[in-house]
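Spelled out from the first residue to the last, the chains are:
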Amino acid sequence: MSARILVVGDVMTDIIVMPEGPMVKGSDRRAKVRNRPGGSGANQAAWLGAVDADVIFAARVGAADRMGYENYFRGLGVVAVLATDDQLPSGVLVTIVDPDGERSFLTDRGANLNLCAADLPDSLLDDVSLVLVSGYSLFEPGPRSAVRGLFAAARARNIAIAVDAASVGFLKEVGVKSFLDWTQGSAWLLANQDEAKILTGSSRLDKQMRVLGGRFDNVVIKRGRSGAALGGRDGVALTLPAPSVQVVDSTGAGDAFAAGLLSAVLGGATHAVALEAGIAAGARAVQAIGGQPL
Ligand SMILES: Nc1ncnc2c1ncn2[C@@H]1O[C@H](COP(=O)(O)OP(=O)(O)OP(=O)(O)O)[C@@H](O)[C@H]1O
Ligand SMILES: [Mg+2]
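Bear in mind the structure is a predicted one, so any value in this text is a computation, not a measurement.

(A) Structural context of the packing of aromatic side chains. Throughout the structure, instances matching the rule amount to seven aromatic pairs. The interplanar angle of 55° and the centroid separation of 5.2 Å between the aromatic rings of Phe57 and Phe73 together place this pair among those described as tilted. Here the residue Phe57 occupies a position in strand E4 (residues 54-62), and Phe73 occupies one in helix H2 (residues 66-75), the gap between them amounting to 16 residues. Ring geometry for Tyr72 against Phe73: centres 5.3 Å apart, planes inclined by 70°, an arrangement best described as edge-to-face. Residue Tyr72 is classed as partly exposed on the basis of its relative accessible area of 29%. Overall, Phe73 belongs to the buried group, its relative accessible area being 1%. Clustering of aromatic rings is evident, with ring pairs tying together Phe57, Tyr69, Tyr72 and Phe73.

Spelled out as structure tokens, the structure:
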């Protein structure tokens, strides 16, 4: 069986702004400004590339940026199939880091919002054994309709689907029932603790697992520095701790986790070994700045 993974999701550039002091309205302030590649889908694909998985990444970028991004992903071992947008620029996230370390985000998903069915032809599924989609692609109507079309095609070919719940705020916005309907029957659901709580209405891990296990074959609940749990309709099957590490930037921990876990699953690992691989990748991600492997 091929172990190819198709990731569909956002390409973003994270612009990290670190002003030397509080902003001065209407005037200047020196700041360190740095760029980091980001976007949940791109992060997942990059981490999959880093563990030498066979990975294809489908996304949409501003027309001027296609070559640059294709080369960038190629360097990471990722085959990027990028649609281009003539109207909207590539997605950008501005992160403003206050002197006290608090972060505020301004996001413009740009070209990602125009991802459409034509960008995700059925041929992308050739030789693919798993489709991984971040919830971000389900939170806006355009990409959602494209991704739901791809889900239908994947189901028709018996290709497994993995979904990450991605964002408490956006889950609330689209409604839990809708999100569960769109993703019904997927082989894997990955959620962090807050997302699992919103999706189930319960704060109890075992209850969350049973409720979500009624809808997904395998459920993984990510628990930050406490590690992660895996289970299904019969409740929690396995809970593993995370190593104690120095956190530099938690961006992309969930994306790295997904890559570590799912590449191990496709490689034939047991669930225990796969969960351990997810946890190891998450721990690696929090020790470096940005959402992709350095
Ligand atoms: N402080 C930490 N120390 C060690 N491992 C961590 C830490 N934070 C996260 N991880 C690892 O990364 C995994 C995913 O992190 P988390 O539970 O925060 O998910 P998430 O909220 O989806 O992440 P993200 O912020 O990237 O969306 C955890 O299950 C854990 O294995
Ligand atoms: Mg997450």
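(B) Looking closely at the sheet that holds strand E3 (residues 31-38). Reading across from one edge, E3-E2-E6-E7 is the order of the four strands in this open sheet, with mixed pairing throughout. This sheet does not close on itself; its edge strands, each paired only once, are E3 and strand E7 (103-108). Across the sheet, the mean angle from the axis of one strand to that of its neighbour is 20°, orientation sign disregarded. Pairing analysis gives six bridges linking strand E6 (residues 91-97) to E7, with the strands arranged antiparallel. Bridge pairing in E7 places Ile96 opposite Ser104.

(C) View of the pairing of strand E12 (residues 228-232). Burial runs high along E12: five of the five residues are buried. Going residue by residue along E12, you find Ala228, Leu230 and Gly232 tucked away on one face and Ala229 and Gly231 tucked away on the opposite face as well. As paired strands, strand E11 (residues 218-222) and E12 are joined by four bridges and run antiparallel to one another. Residue pairing across strands places Val219 opposite Gly231, the latter belonging to E12. Between E11 and E12, which pair antiparallel and follow one another directly, the connecting turn spans five residues, one of which, Gly224, has a positive phi of 55°. Where E12 lies against strand E13 (residues 235-240), five bridges are found, and the strand directions are antiparallel. Paired with Ala229 across the two strands is Thr239, which belongs to E13. Two successive antiparallel strands, E12 and E13, enclose a turn made up of two residues.

(D) Local environment of the site of ligand 1. Of all residues adjacent to ligand 1, which total 20 residues, the nearest are Asn192, Lys222, Gly224, Gly227 and Gly254. Contact distances for ligand 1 include 2.9 Å between an oxygen atom and a backbone N or O atom of Gly227. In the environment of ligand 1, an oxygen atom lies 2.8 Å from a nitrogen or oxygen atom belonging to the backbone of Gly254. For ligand 1, whose accessible area on its own is 620 Å², the fraction buried by protein is 81%. Ranked by residues supplied to the shell around ligand 1, first place goes to helix H9 (residues 271-286) with four residues. Taken together, the residues of the shell around ligand 1 break down into ten nonpolar, seven polar and three charged.

(E) View of the sheet that holds strand E10 (residues 188-192). Read from one edge to the other, the open sheet built from nine strands follows the order E5-E4-E1-E8-E9-E10-E11-E12-E13, with strand pairing classed as mixed. Since the sheet does not close on itself, it has two edges, and those belong to strand E5 (78-85) and E13, each with one partner. The sheet shows a mean angle of 20° between the axes of neighbouring strands, taken without regard to direction. Strands in contact with helix H6 (residues 193-200) are strand E9 (160-164), E10 and E11; relative to E10, the strand with the most contacts, it is inclined by about 110°.

(F) Focus on the UniProt feature "domain: Carbohydrate kinase PfkB" (unreviewed entry) in the chain. The sites that UniProt annotates as "domain: Carbohydrate kinase PfkB" (unreviewed entry) are residues 4-292. Along residues 4-292 one finds 34% helix and 29% strand; the C-alpha atoms at either end are 20 Å apart.

(G) Seen up close, H9. Relative to the 22 Å expected for 16 residues at 1.5 Å per residue, H9 spans 23 Å between its end C-alpha atoms, a close match to the ideal helical length. Taken together, the buried positions of H9 are occupied by Ala274, Leu275, Gly278, Ile279, Ala281, Gly282, Ala283, Ala285 and Val286.

(H) Quick peek at the packing of helix H1 (residues 40-50) against helix H8 (residues 253-266). Closest axis-to-axis distance for the H1/H8 pair is 8 Å, and the angle between their directions is 45°. Taken together, the axis directions place H1 and H8 in an arrangement best described as oblique. Along this stretch, H1 crosses H8, giving a crossing that reads as right-handed. Packed against H1, whose contacting residues are Ser40, Asn43, Gln44, Trp47 and Leu48, the element H8 presents Asp255, Ala256, Ala258, Ala259 and Ser263 at the interface. For the contact of H1 with H8, a count of residues per class yields five nonpolar, four polar and one charged.

(I) Structural context of the nonpolar core. Counting residues in hydrophobic clusters, the biggest one holds 41 residues, and the most contacted among them are Phe57, Trp188, Leu261 and Leu275. Of all the elements, H8 adds the most residues to this core, at nine residues. Core analysis: the next-biggest nonpolar cluster, separate from the first, contains 39 residues, Val128, Phe151, Val174 and Leu212 among them.

Criteria and thresholds
Residues numbered from 1 in each chain as written. Chains lettered and ligands numbered in written order. Predicted model: local features only at pLDDT ≥ 70, side-chain atom pairs only at ≥ 80, totals over all residues. Heavy atoms only, no water. Phe/Tyr/Trp six-rings, centres within 6.5 Å; stacked < 30°, edge-to-face > 60°. Helix = DSSP H or I, 4+ residues; strand = E, 2+ residues; numbered from the N terminus. Buried < 20%, exposed > 50% of the residue type's maximum accessible area, 1.4 Å probe, protein only. Pairing = 2+ DSSP bridges. Axes fitted to C-alpha atoms, helices over the stretch in contact; angles between N-to-C directions. Near = heavy atom within 4 Å. Polar contact = N/O pair within 3.5 Å; in protein donor to acceptor, adjacent residues only side chain to side chain. Areas by Shrake-Rupley, 256 points an atom, 1.4 Å probe, with all protein chains shown as cover. Nonpolar A, V, L, I, M, F, W, Y, C, P; charged D, E, K, R; others polar. Contact = heavy atoms within 4.5 Å. UniProt positions renumbered as here; feature names shortened; annotations may be inferred. Expected span 1.5 Å × (residues − 1). Parallel < 35°, antiparallel > 145°, perpendicular 65-115°, else oblique. Left-handed = near helix turned anticlockwise from the far one by under 90°. Core = buried A, V, L, I, M, F, W, Y, C linked by side-chain atoms within 4.5 Å.

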